[in-house]
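Given next are the chains, with one letter for each unit.
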Amino acid sequence: MMPKLPFTKSEYEQRQESLLNSISKNDIVIITTNDVMIRSNDVNYSFRANSYMLYLCGWEEENSILLMENNGSNWIKTLYVNPTNTEKEIWEGRRQGVEGARKFWPVDNAKSIHSLFQDLVVVKSKNKKIHINQKPKYFVDLIVENLESRDSFDNFLSNVNDVNILIDKLRVIKSNAEIKHMRASCAIASSAIIQAMKKSYSGMGEWELQAIIEQFYKMNKSQSSYIPIIGGGDNSTILHYKKNNSVIEEGSLVLVDAGCEINGYASDITRTWPINGTFTKEQKEIYKIVLKAQKAAIESCQVGFDWNKMHESSVLHISEGLLELGIIDTDLGDIIGENFDGRYRDFFMHGTGHLLGLDVHDVGGGRKGDDNPGPSLQPGMIVTVEPGLYFSKWRSDVSIPDKYAGIGIRIEDDILITENGPEIITKSCPKEIEDIEVLIRNK
Ligand code: GLY
Ligand code: MN
Ligand code: MN
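The model shown is predicted, which means the values in this text are computed figures rather than measured ones.

Asker: Sorry if this is basic, but what is going on with the coordination of the manganese ion (ligand 3) here?
Answerer: Ideal geometry at a metal centre gives angles of 109.5 degrees when four donors are arranged tetrahedrally and 90 or 180 degrees when six donors are arranged octahedrally. Here the manganese ion (ligand 3) is held by the protein donor atoms Asp268 (OD), His354 (NE2), Glu386 (OE) and Glu412 (OE), which lie 2.0 to 2.2 Å from it. Here the manganese ion (ligand 3) is ringed by six donor atoms whose angles at the metal span 50 to 157 degrees, and the overall shape comes out irregular. Site description for the manganese ion (ligand 3): donor spacing in sequence, D-x85-H-x31-E-x25-E. The distance between the manganese ion (ligand 3) and the manganese ion (ligand 2) is 3.3 Å, with Asp268 acting as a donor to both metals. Pair noted here: His354 is in the loop between α13 (332-336) and β15 (382-385) and Glu412 is in the loop between β17 (407-410) and β18 (413-418), with a separation of 58 residues, a long-range link. Exposure class is identical for His354 and Glu412. Each is buried.

Spelled out as structure tokens, the structure:
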């Protein structure tokens, strides 16, 4: 049966050509996929193909390589794949094999992965430079099993260069077809979180909210793009909490950071709500600061604006809010500081956002302090905006007023940069205090 790829053949070919335009005809490009990872004994984690492989040709099977080489006049793109093998397929599932790859995928040729080594020996003999995205274990093994020792691998593959930065430049700007998949992913994740809000009750388990959200993904032929963060009470203050095994007590907030994947494209949403449907005075005070900061940061997502502008905007509002509540007590100049390392960092200790795409923390970004300073915003970029404030009960390194201890709040939306300003593609997920309260109370 003809497989359905997420993009047209010509879109894949366009991406390949855009990359190859910046590669010398004397060089070759190798795109590897990911390793299969063991979970326990002979049970593996479910396999997820490498995002560069998905981007350039949509190939999802393991143990495969895309090789692109110029024959003097044309670039020839070859997929090296697991050949069909009845005995293996009885256990592991059907393979496209060499025939399927050649017939249906946007490449010129396909070969068995078992012929890769011999072809690389030929490449090596021509002294070609190899541009590669990564060297996973399966790829190293494919070569080492033909060499005398592991030591000779680096020698065999000595003339290599990182190709990622060239592909990242392409991946940062999403095509209309990619945006369509991202919108679908955001719509499912928004609805899943609305379901979770509606089914909230005091004393429920964090795991129950996870189940509601992941069931919704599965019912929509989707899956989590990362382990959902479901933190009730003080757990809401752990940035990447993922145990999800505590009861959410009456009067607590719950912070839910969850996203799904459609054709490899991730969504990434955070909402924080009172498990009983009514914010306390103190919870409201902190929530309003974060919401104001988030809205200001979204407004800074304008074409041509520096990537750091949105962080500056959220830091300003977070700092002002903390100052007003008397949680920090220095003047704003000191708080914001040259390198954004003011006192607010005790309670807002992460960046305001990241690029989003085939990877949740997508390629091409950068924050102040990173080697890569990051781009100015351009139409077709998709970023998250996700300021937060976290007051952990257990921290002894900072002074936290008792009334705020145990409050962790993050609000995260996914934003498409357009010529007409930022478009919030997760806007169907409520974030205003009144809307959240009505939704939970009127379930
Ligand atoms: N879900 C991780 C993050 O928001 O960056
Ligand atoms: Mn998130
Ligand atoms: Mn995020």
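Having seen it, we continue.
Asker: Help me out: how do you make sense of the site of ligand 1 in this one?
Answerer: Inspection of the region around ligand 1 gives Tyr226, His240, Asp257, Asp268, His354, His361, Glu386 and Glu412 as its neighbouring residues. Within the contact set of ligand 1, an oxygen atom lies 2.9 Å away from a side-chain nitrogen or oxygen of Glu386. Compared with its free state, where it exposes 200 Å², ligand 1 has 92% of that area covered by protein. Residues that form the shell around ligand 1 fall into these classes: one nonpolar, three polar and four charged.

Asker: In this structure, what is going on with the coordination of the manganese ion (ligand 2)? I would like to understand it.
Answerer: Distances from the manganese ion (ligand 2) to its protein donors, Asp257 (OD), Asp257 (OD), Asp268 (OD) and Glu412 (OE), fall within 2.0 to 2.4 Å. Its six donor atoms give the manganese ion (ligand 2) angles of 56 to 168 degrees at the centre, a pattern that matches the irregular case.

Asker: I'm lost on the sheet that holds strand β14 (residues 269-274) in this one. Help?
Answerer: The strands making up a sheet associate through hydrogen bonds between their backbones, and the pairing can be parallel or antiparallel. Read across the sheet, three strands follow the order β10-β11-β14 without closing on themselves; strand pairing throughout is antiparallel. Only two strands of the sheet have a single partner each, and these edge strands are β10 (229-232) and β14. Neighbour-to-neighbour, the strand axes of this sheet turn through a mean angle of 10 degrees, independent of strand direction. Judged from the four bridges that link them, β10 and strand β11 (residues 253-258) form a sheet pairing that is antiparallel. Among the inter-strand pairings, Gly231 is bridged to a residue of β11, identified as Leu255. Strands in contact with helix α10 (residues 206-219) are β10, β11 and β14; relative to β10, the strand with the most contacts, it is inclined by about 150 degrees.

Asker: Honestly, the sheet that holds strand β4 (residues 65-70) in this entry has me stumped. Any pointers?
Answerer: With mixed pairing, the six strands of this open sheet are ordered in space as β6-β5-β4-β1-β7-β8. This sheet does not close on itself; its edge strands, each paired only once, are β6 (109-112) and β8 (160-162). Adjacent strand axes in the sheet meet at a mean angle of 25 degrees, parallel and antiparallel pairs treated alike. One ladder, built from three bridges, connects strand β7 (residues 130-132) with β8; its direction is parallel. Bridging from a neighbouring strand, His131 pairs with Asn161 of β8. The strands touched by helix α4 (residues 97-104) are β5 (75-81) and β6; relative to β6, the strand with the most contacts, the crossing angle is about 165 degrees.

Asker: I'm lost on the pairing of strand β19 (residues 421-424) in this one. Help?
Answerer: The side chains of a regular strand alternate, first on one face of the sheet and then on the other. By the bridge criterion, four bridges tie β18 to β19 in an arrangement that is antiparallel. Residue pairing in the sheet places Ile415 in a bridge with Ile424 of β19. Connecting β18 to the next strand, β19, in antiparallel fashion are two residues.

Asker: I'm lost on the nonpolar core in this one. Help?
Answerer: Within soluble globular proteins, side chains that are nonpolar generally end up buried alongside one another. Leu209, Trp273, Leu389 and Phe391 are the most contacted members of the largest nonpolar core, which has 51 residues in total. Counting residues per element, this core draws most heavily on helix α9 (residues 176-198), at seven residues. For Leu209, the contacting residues outside a window of four places in its chain are Ala196, Ser200, Met204, Ile230, Ile248, Val254, Val256, Trp273 and Ile275.

Rules and cut-offs
Residues numbered from 1 in each chain as written. Chains lettered and ligands numbered in written order. Predicted model: local features only at pLDDT ≥ 70, side-chain atom pairs only at ≥ 80, totals over all residues. Heavy atoms only, no water. Donors = N, O, S within 2.8 Å, 3.2 Å for Na, K, Ca; no water. Tetrahedral: all angles 85-135°; square planar, octahedral: opposite > 155°, others 65-115°. Helix = DSSP H or I, 4+ residues; strand = E, 2+ residues; numbered from the N terminus. Buried < 20%, exposed > 50% of the residue type's maximum accessible area, 1.4 Å probe, protein only. Near = heavy atom within 4 Å. Polar contact = N/O pair within 3.5 Å; in protein donor to acceptor, adjacent residues only side chain to side chain. Areas by Shrake-Rupley, 256 points an atom, 1.4 Å probe, with all protein chains shown as cover. Nonpolar A, V, L, I, M, F, W, Y, C, P; charged D, E, K, R; others polar. Pairing = 2+ DSSP bridges. Axes fitted to C-alpha atoms, helices over the stretch in contact; angles between N-to-C directions. Contact = heavy atoms within 4.5 Å. Core = buried A, V, L, I, M, F, W, Y, C linked by side-chain atoms within 4.5 Å.

From the geometry alone we can't say anything about function, so treat these as descriptive.
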